[in-house]
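Report on the structure
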Amino acid sequence: MYNAQRDGKAGAASNAIPSMGAIEGRLTVLEVLAATSLRLLLRNGDKAAGKHALSSIRKAMRQRAF
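As a starting point, this report considers the structure included with it. By convention here, each chain's residues receive numbers from 1 onward along its written sequence. A pLDDT threshold of at least 70 governs which residues receive local features in this predicted model, and a stricter bar of 80 or more applies before side-chain atom pairs are shown or counted, although totals over entire chains, interfaces and linings include all residues. Derived side-chain values reflect all non-hydrogen atoms in the structure, with water molecules and hydrogen atoms excluded from consideration.

**Quick notes on the overall build of the protein**
Scanning the protein from terminus to terminus reveals three helices and zero strands. Considering the protein as a whole, with its 66 residues, one finds that 6% of them fall into the buried category. Shrake-Rupley sampling with a 1.4 Å probe provides the accessible areas, and residues are treated as covered by the protein chains on show and by no other component. Put simply, the protein shows about 5,800 Å² of open surface, and 62% of that area lies on carbon and sulfur atoms. For helices the rule is a DSSP run of H or I covering at least 4 residues; for strands it is a run of E covering at least 2, with both sets numbered from the N terminus onward. Accessible area is worked out with a 1.4 Å probe on protein chains only. A residue is then buried under 20% of its type maximum, exposed over 50%, and partly exposed in between.

Right, here's the structure in full:
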């Protein structure tokens, strides 16, 4: 959330809370990295390990669903 006193300061004092753009950018990078890693694992790696990783991801997503 924007805070005029904090965000108006220079240096590290203004970086206490990341902006929504910064958060979205980091999430996008992590999503691309995860998808690419899983794709490479399923294509080139151990099939059992790839299926286990995919199963773990799906399970974690179901547990965190609202």
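**A closer look at a nonpolar patch on the surface**
Patch membership is restricted to residues that have no salt bridge and whose relative accessible area is over 30%. Joining uses 9 Å for like charges and 5 Å for the nonpolar side chains Val, Leu, Ile, Met, Phe, Trp and Tyr. By definition here, a salt bridge exists when the distance from a side-chain nitrogen of Lys or Arg to a carboxyl oxygen of Asp or Glu is within 4 Å. On the surface, a cluster of nonpolar side chains totalling about 500 Å² of accessible area is made up of Met20, Ile23, Leu27, Leu30 and Leu33. Secondary-structure assignment places Ile23 in helix α2 (residues 20-44).

**A short note on the packing of α2 against helix α3 (residues 47-64)**
Lines are fitted to the C-alpha atoms to define the axes, a helix being fitted only along its stretch in contact, and any angle between axes, read from their N-to-C directions, falls within 0 to 180 degrees. At their nearest, the axes of α2 and α3 sit 7 Å apart, and the two run at 145° to each other. Considering only the axes of α2 and α3, their crossing is left-handed. Every residue of α3 that contacts α2 at Leu38, Leu41, Leu42 and Arg43 is listed here: Lys47, Ala49, Gly50, Lys51, Ala53, Leu54 and Ile57. Nonpolar residues are Ala, Val, Leu, Ile, Met, Phe, Trp, Tyr, Cys and Pro. Charged residues are Asp, Glu, Lys and Arg, and all others, Gly as well, are polar. Among the residues forming the contact of α2 with α3, the class breakdown is seven nonpolar, one polar and three charged. Note: crossing handedness is left-handed where the near helix turns anticlockwise from the far helix by less than a right angle, and right-handed where it turns clockwise. The criterion used for residue contact is that any of the two residues' heavy atoms lie within 4.5 Å.

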